[in-house]
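Single-letter residue listing:
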Amino acid sequence: MLAFAILIVIIAACLAAPWYAQNISQSDPFASNLDGSITLAGQPVDIMQSADTGFGVTPIGPTWTQKYFLGADDQGRDVAARILFGGRNSLLIAAGATLICLTLAGLIGIVAGFSGGFVDSILARILDILWAFPVYLLAISLSAVLISRGLKLGPVTIDSDSLLIPIAIIGIVYVPYVARPIRGQVLSLARSDFVLAAVCLGVPRARILWKDILPNVITTLIVFAPLMMALNMLTEAALSFLSIGVQPPAASWGTIILDGEGLLYTRPAVAIAPGLAIMLTVVALNFLGDGVREAFDPRAKIRVQK
Amino acid sequence: MIFLVLLRRLAEMVFVLFSISVLVFLIFFATPGADPAARIAGRGASPATLAAVRHAFGLDQPLPVQYGLMMKHLFITQDLTSFVNPGQLVIPAVLQAVPVTLSLVFGAAVIWLIFAVAIGVTAAALRGSVIDRSLMFLAMAGVSMPVFWLGEVANLITQARFHNTVLFSWVPALGYVPLTQNPLLWFKSLVIPWTVLAVTYIGLYSRVLRANLVEALTEDYIRTARAKGLSERQVIFRHALRMSLITLVSMFGLDFGALVGGGALLIEVVCALPGVGMLTYQALQNLDLPFIMATVMYGAIFIVAANTVVDMLYLLIDPRARGAR
Amino acid sequence: MKTIWLIAAALLAVMQAAHAQNHRGGTLKLVAASSDGSIDPQVNYTDQYWQLFIVAYDGLVAFRKSAGSSSNDIVPDLATSVPAPQDGGKTYVFKLRQNIKFSNGQPVTPADVVASFERLFKVNNPNAGSWYNNIVGGDKCLTAPATCTLPDGVVAGDDGTITIHLVKPNPEFLYQIALPFGAILPAATPPHDMGTIPIPGTGPYAITSYDPQKAFILQRNPYFKVFSPEAQPDGYVNEIDFEFGVTGENAVTAIENGQYDLDMDPSLPADRLAEMSTRFPRQIYINPLLADYYAPMNVNIPPFSNLNARLAVNYALNRRDTVQIYGGKNLGVPACQILPPGFPGYQPYCPYTKNPGPKWTAPDLAKAQSYMQKSGMAGQKVTVITDDEGVDPALGTYLGSVLNQLGFVATTHVLSANIQFNYIQNTNNKVQISITLWYDDYPAPSDFLNVLLTCGQIHPGSDNSVNIAGYCNKQYDAKVQAALRDAITDPAKANTEWAAIDKQATDAAAWATLFNPKQLDFVSARLGNYTFSEQFHLLFDKVWVQ
């Protein structure tokens, strides 16, 4: 429940980003602010501080006060406010991608494991291709193709700066990761004593699928969900590290880490803070996942049924 | 019989590799700005020069012909050269990078398997206790960090902030030292990358292992084992662990294949290790098709082979899956 | 008295010689993140490798190896003197020096010179179609490179003379053959890009090995004797090792520790600059570059097809901020115009500032807003295309922020540095505005004003269409042609014309020029006699390491 509370706080904080930017940090986190200064302890302090030699410019570090709580990035923008805004995109991308991934993986895993034979073979090959495919090439290429043209699918037009693009890319990448164990599980279940017994007793396949296989698969999917969301958040960060994904001036936790990479040695807070935000969120999500699983515990059902 | 199964698997592998190579090829030529002729010709080249370069590199031929030639140079004559560094042979460059990646992944795998099994089993045996909860919390934290971010932070700590303290003064500068050149330095320079790479997998594996163990411990055959009077330790190690390793083996096969195939890309980049991941990264940054093709094919071979091995192991470990194929 | 002076002069000479002897030797260690392509001097078009080629190869003429503006002058190299153009600028007669040998021991003959010019076409030199096709027979060679001969273009005489005939007079011809493309190579050099295989040359150093994954090594050329100290002095170091695979942060640390002498990558990590400048002030050299950082605006598609929108951007840009992003006020000079300071024809001019005059002082936001209003483009979507190298993403983000302030709806798109430059050129990609950088090839105004802004440099649908803004104005082109013509007969008059052309291009606002960057070299403590040429940057045959 603590996890749930933490998650609620994180989501609420991200939702409150515009309020924070307006009332607390009092600056636009999407506009460069290279000439500004703030008053600290009665003294004006430049946000971008030049070295006396005339080269070397360092953004202001964490002030631990309401303005520039975590300091500024290389555009003189308030990092704390950007992390709140970035959290919205990160959560949205990770959640959307997880949904796509689990739905596809569950479907493919069940169909492949349960039908076996030719269908299984075909699906297994598709998974093989997907798994061995270079994600980054796909992402670099897609992002280059999409900026000029956007994506038109019938009546739907997806803009190049739409979040749907990273969501779709990340959602598909890990399908094999989930689908293969599920296929293995379904395969194993289909050969298990109680299913074989059910088959012998003449129970229809659909009923076996519904009553015996699906609950097990859903358990696995629920166990996977938080882990997948973790992986998806990390993939989002990794794609951002390669400048693919959310485009400036918008932010995600991944892009803020990238912004902070160039400042790692002088202003480590810029890169460390969003990393910690990712960690905290994912840890909370995982514990929430555990809680949900324990609450449902579908294994009990199977045992009762038998 | 086993020969036929292997033959079929081989055919499937070739099919998968073929599909991937075709896709890579098509994606490359669909990417705007990637035209290799324009980049080879150099800035400000006139249309006539561009056409001449296009012809000299065979880039004016139909795509299927270009594809066939590239595959011929990659697999048959093995003299494929880079588009970006003309004359640079692709295959020796990949072969040079393999030991680096193998060093990284083997070491990390040893660390993560030992720790994951230890943590998973301990947590399952002591399920519900404070130790279980703390271990699972740590595992969760491990799985929750972006790996390149962890690498950057590790570099910040060991190379800069605390480099001059007793704790990290032994850490050599970033980079790779061949095992044959200086085994001690090889080890020292890889300890940090190994640890960084292993952290995620320790978290992932120990959690999955614990979940499976706890689930297995409620299964009928375990109850039977218990009824036969086996001790808890014997129950866990002889029976529950064996069953639970199925998922783990599948995961390990896939992960190991992906990592050896260049999946440790970001770690290699952050820790400046010139392995296959770094080569893939550079090829992608350069959009150098011959290198992309070679590293992708190399990675795909490992990944697909790993899949095959995993499937075979399934048959050996889980008797119930036998005859499924 | 006289004898005393003579003795003193002799002593000085001896001392200098001893001095030179003391510094002679050692290995210069260079480093970069990655290699930069072919080591064929007639193919590679990168500053990084040009810096090495000029100590390994010679053309008939060369840029003087010296510091400051005298490094822009042409001096004789393999030719005994710089010939005056004859026949109204269409003929040049060179006399080849005798007794010079390639690093493989073979003598340099007029036949090698002829073959080298033909080879420019055979290897598809980047400028074969834009510069060298002006040699008689060049156009034919362009269409059939493999069988290229220049029987009427480059003629070897019996007395060691080489006569070159041009189709049209070209005031920049000597510059074009003084670059590494004009290197004289053995006639037997294979007629294709040699890639990773070293070609023998005539400089004090010869390339001994090249592995794009590892290193580029040059060692002393055993057959080298000084023949033209201005063009090709004897080097101090015995070997030059250029290693790859070390990125910015690590390279800085390694140079601080004395493991390397110089980082060849163009931009150093910005957040280390302050530390470097305070801890190692004597190891830092800053020199102006003949280059523009600029934002080309596509004048053919909205919103920048509207002149007022382009003017609004120019007035709103805080060029001081862009210099700050680049690394600090000493690393760049805000600019409005096309030609960089110190260039022939340069006359300081900046209309896009608070008090228009020779210098940029501050953005004029009121004017910017009024032009924006006039344009009626507020609310238009704009995508800034920038690359992922160095400070470029930050510059792109900043430009996006300026556009948003003006009332556009701007996002910035970061592309891999290897495709961005081609991507923004191709008209099919419909790029509205981007961030890019142009270095001069040689000190002639046409290298900016003709190459980057005339109609002939637009090739629709091609990745090589270097007039990125798509600016095409017949009357402007006519002025450029006139200036090119006058440059042959009256360079001073031509320069005044170029200044006017520069003004016209600046007023057309096809670009938003940001600033002229400076080169910061962070060198090891042991590196001495740092000499910076405006054309090729640090001269490796001038520095010593002991």
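Residues numbered from 1 in each chain as written. Chains lettered and ligands numbered in written order. Predicted model: local features only at pLDDT ≥ 70, side-chain atom pairs only at ≥ 80, totals over all residues. Heavy atoms only, no water.

Caption draft 1: Quick peek at the overall build of chain A. Assigned secondary structure in chain A consists of 12 helices and 6 strands. Counting all 306 residues of chain A, 58% fall into the buried class. Of all intrachain contacts in chain A linking residues separated by at least 6 positions in sequence, the fraction that spans at least 24 positions is 69%. Split by element, the accessible area of chain A, about 12,500 Å² in all, is 68% carbon and sulfur. (Helix = DSSP H or I, 4+ residues; strand = E, 2+ residues; numbered from the N terminus. Buried < 20%, exposed > 50% of the residue type's maximum accessible area, 1.4 Å probe, protein only. Contact = heavy atoms within 4.5 Å. Areas by Shrake-Rupley, 256 points an atom, 1.4 Å probe, with all protein chains shown as cover.)

Caption draft 2: Just the overall build of chain C, in detail. Broken down by element type, chain C carries 15 helices and 20 strands. Taken against the 2.2 N^0.38 rule, which gives 24 Å for 546 residues, the C-alpha radius of gyration of chain C at 24 Å falls within 12% of a compact globule. Seen along its three principal axes, the alpha-carbon backbone of chain C occupies a region of about 75 × 60 × 55 Å. Within chain C, buried positions represent 62% of all 546 residues. Residue pairs in contact within chain C that sit at least 24 positions apart in sequence constitute 70% of those at least 6 positions apart. For chain C, the computed accessible surface area is about 19,600 Å², with 55% contributed by carbon and sulfur atoms. (Rg over C-alpha atoms; globule rule 2.2 N^0.38 Å.)

Caption draft 3: Region of interest: the packing of helix α5 (residues 90-125) of chain B against helix α12 (residues 276-286) of chain B. Residues and elements named next belong to chain B. Taken N-terminus to C-terminus, the directions of α5 and α12 make an angle of 135°; their axes are 7 Å apart at the nearest point. With respect to each other, α5 and α12 are oriented oblique. Facing Ala93, Val94, Ala97, Val98 and Thr101 of α5, the residues of α12 in contact are Val276, Gly277 and Leu279. When the residues that make up the contact of α5 with α12 are grouped by side-chain class, the tally is 6 nonpolar, 2 polar and no charged. (Axes fitted to C-alpha atoms, helices over the stretch in contact; angles between N-to-C directions. Parallel < 35°, antiparallel > 145°, perpendicular 65-115°, else oblique. Nonpolar A, V, L, I, M, F, W, Y, C, P; charged D, E, K, R; others polar.)

Caption draft 4: Structural view of empty space enclosed by the protein. This structure, assessed with the given rule, holds 10 cavities of 30 Å³ or more. Each pocket or cavity is described by its volume, and for the largest cavity that value is around 940 Å³. Every residue lining the largest cavity is counted, 39 residues in all, and those nearest its centre are Tyr136(A), Tyr174(A), Ala258(B), Gly263(B) and Ala264(B). Residue contributions to the lining of the largest cavity peak at 6 residues, all from helix α10 (residues 232-263) of chain B. (1 Å grid on protein atoms, 1.4 Å probe; cavity = no way out; pocket = protein on both sides within 12 Å on 5 of 7 lines; lining within 4 Å. Points joined across faces, edges and corners; volume = space filled by probe spheres on them.)

Caption draft 5: Representation of the domain arrangement of chain C in the model. Residue and element names in this part refer to chain C. Per the domain assignment, the segments of chain C are domain 1 (23-236 + 528-545) and domain 2 (291-519). Here the C-alpha centre of domain 2 lies 32 Å away from the C-alpha centre of domain 1. At the interface, 18 residues of domain 1 touch 11 residues of domain 2. Carbon and sulfur atoms make up 60% of the surface buried where domain 1 meets domain 2, a total of about 1,200 Å² over both sides. One can count 0 salt bridges joining domain 1 with domain 2. Summed over the shared surface of domain 1 and domain 2, the result is 5 residue pairs in polar contact (both at pLDDT 80 or more). Of all the elements in the fold, those that place two or more residues in the side of domain 1 that touches domain 2 are α2 (47-53) and α5 (173-178). By residue class, the composition of the side of domain 1 that touches domain 2 is 9 nonpolar, 7 polar and 2 charged. (Domains from an automatic or database assignment. Buried area = accessible area lost by both parts, 1.4 Å probe. Salt bridge = Lys/Arg side-chain N within 4 Å of Asp/Glu carboxyl O. Polar contact = N/O pair within 3.5 Å; in protein donor to acceptor, adjacent residues only side chain to side chain.)

Caption draft 6: Seen up close, the interface of chain B and chain A. Between chain B and chain A, the contact holds 60 residues from the first and 52 residues from the second. Roughly 5,300 Å² of surface becomes buried between chain B and chain A when both sides are summed, with 70% attributable to carbon and sulfur atoms. Here chain B and chain A share 1 salt bridge between them. Two residues, Glu12(B) and Arg125(A), come together in a salt bridge whose shortest N-O distance is 3.0 Å. On inspection of chain B and its partner chain A, the count reaches 3 residue pairs in polar contact (both at pLDDT 80 or more).

Caption draft 7: Region of interest: the side chain of Asp502(C). All names here are of chain C. Along the chain, Asp502 falls in helix α15 (residues 491-508). Lacking a salt bridge, the buried Asp502 has Lys503 as its closest oppositely charged neighbour, with an N-O distance of 9.1 Å. Ignoring anything within four residues of it in the chain, the contact list for Asp502 reads Gln337, Ile338, Leu339 and Leu449. (Lys, Arg positive; Asp, Glu negative; His and termini not counted.)

Caption draft 8: Highlighting the state of the cysteines. Residue and element names in this part refer to chain C. One pass over the full model with this rule turns up 3 disulfides over all chains. At a sulfur-sulfur separation of 2.0 Å, the disulfide partner of Cys141 is Cys148. With the S-S bond torsion at 80°, the cross-link from Cys141 to Cys148 turns out right-handed. A single burial state applies to Cys141 and to Cys148, both of which are buried. Each disulfide pairs two cysteine sulfurs, and for Cys336 the partner residue is Cys350, the sulfurs being separated by 1.8 Å. Highlighted residues: Cys336 in the loop between β13 (332-334) and α10 (365-375) and Cys350 in the loop between β13 and α10, separated in sequence by 14 residues. Its relative accessible area of 4% is what places Cys336 among the buried residues. (Disulfide = S-S within 2.5 Å.)

Caption draft 9: Up close: the pattern of salt bridges. According to the stated counting rule, one finds 17 salt bridges over all chains in the structure shown. Linking Asp73(A) and Arg82(A) is a salt bridge whose minimum nitrogen-to-oxygen distance equals 3.5 Å. Just as Asp73(A) is buried, Arg82(A) falls in that class too. Notably, a salt bridge pairs Arg8(B) with Glu12(B), separated by 3.3 Å at the nearest N-O pair. Here Arg8(B) and its partner Glu12(B) are both found in helix α1 (residues 2-30), 4 residues apart, which amounts to about one turn of the helix. On the accessibility criterion, Arg8(B) (43% relative accessible area) is partly exposed.

Caption draft 10: Local environment of the sheet that holds strand β16 (residues 433-434) of chain C. Residue and element names in this part refer to chain C. One open sheet accounts for 3 strands, arranged β15-β14-β16; its pairing is parallel. Of all strands in the sheet, those bounded by a partner on one side alone are β15 (409-415) and β16. Here strand β14 (residues 381-387) pairs with β15 via 7 bridges, running parallel. Among the inter-strand pairings, Ile385 is bridged to a residue of β15, identified as His413. In the packing of helix α11 (residues 392-406) onto the sheet, the strands contacted are β14, β15 and β16, and the crossing angle to β14 comes to about 165°. (Pairing = 2+ DSSP bridges.)

Caption draft 11: Representation of the side chain of Arg77(A) within the structure. Tracing the backbone through its elements, the reader meets Arg77(A) in the loop between β4 (57-59) and α3 (79-115). Judged by relative accessible area, which is 3%, Arg77(A) ranks as buried. Sequence-distant contacts of Arg77(A), that is, excluding residues within four places in its chain, are made with Pro29(A), Phe30(A), Ala31(A), Ser32(A), Tyr68(A), Gly71(A), Ala72(A), Arg82(A), Pro249(A), Asp259(A) and Thr397(C).

Caption draft 12: Summary view of unusual backbone geometry. Residues and elements named next belong to chain C. For the bond from Pro302 to Pro303, the omega torsion is 0°, close enough to zero to count as cis. The topology assignment puts Pro303 in the loop between β12 (291-296) and α8 (307-316). Notably, Lys430 is not glycine yet its phi reads approximately 50°, a positive angle. Look at His537: it is not a glycine, yet its phi comes out positive at around 70°. The topology assignment puts His537 in strand β20 (residues 537-538).

Caption draft 13: View of the interface of chain C and chain B. Across the contact, 39 residues belong to chain C and 35 residues belong to chain B. Between chain C and chain B, the buried area comes to about 2,800 Å², and carbon and sulfur atoms account for 50% of it. When the buried surface of chain C facing chain B is broken down by residue, Asn124(C), Gln213(C) and Asn464(C) rank first, second and third, together holding 20% of it. Linking chain C with chain B are 0 salt bridges. Inspection of the region where chain C meets chain B yields 1 residue pair in polar contact (both at pLDDT 80 or more). If you list the elements that add at least two residues to the side of chain C that touches chain B, you get β7 (205-211), α12 (417-425) and β17 (436-439) of chain C. Examining the composition of the side of chain C that touches chain B, we find that 5 residues originate from one element, α12(C), more than from any other. Grouping the amino acids of the side of chain C that touches chain B by side-chain chemistry returns 12 nonpolar, 19 polar and 8 charged.

Caption draft 14: Layout of the sheet that holds strand β9 (residues 239-244) of chain C. Residue and element names in this part refer to chain C. Strand order across the open sheet formed by 5 strands is β7-β8-β9-β1-β10, with mixed pairing between neighbours. One side of each edge strand has no neighbouring strand; the edge strands of this open sheet are β7 and β10 (262-263). As paired strands, β7 and strand β8 (residues 215-220) are joined by 6 bridges and run antiparallel to one another. Looking at β8, one finds that Tyr210 is bridged to Phe216.

Caption draft 15: A look at the packing of aromatic side chains. For the coordinates displayed, the defined rule picks out 49 aromatic pairs over all chains. Pairing Phe18(B) with Tyr67(B) gives two aromatic rings, centres 6.2 Å apart and planes at 85°, and the pair type is edge-to-face. One end of the pair, Phe18(B), is in helix α1; the other, Tyr67(B), is in helix α4 (residues 63-76), and 49 residues separate them in sequence. Residue classification places Phe18(B) among the partly exposed positions, given a relative accessible area of 46%. Under the relative-accessibility criterion, Tyr67(B) is labelled buried at 14%. Aromatic side chains Tyr201(B) and Tyr205(B) sit 6.2 Å apart centroid to centroid with 75° between the ring planes, which places their arrangement in the edge-to-face category. A residue pair is termed a helical-turn pair when its members lie 3 or 4 positions apart in one helix, as Tyr201(B) and Tyr205(B) do in helix α8 (residues 183-216) at 4 residues. Taking the relative accessible area as the measure of exposure, Tyr205(B) reaches 0% and is therefore buried. Through successive ring pairs, a cluster of aromatic residues spans Tyr45(C), Trp50(C), Phe63(C), Trp131(C), Tyr132(C), Tyr175(C), Phe181(C), Tyr442(C) and Phe536(C). Sitting over the face of the ring of Tyr349(C), Lys503(C) holds its NZ or CZ atom 5.1 Å from the ring centroid. (Phe/Tyr/Trp six-rings, centres within 6.5 Å; stacked < 30°, edge-to-face > 60°. Lys NZ or Arg CZ within 6 Å of the ring centre and 35° of its normal.)

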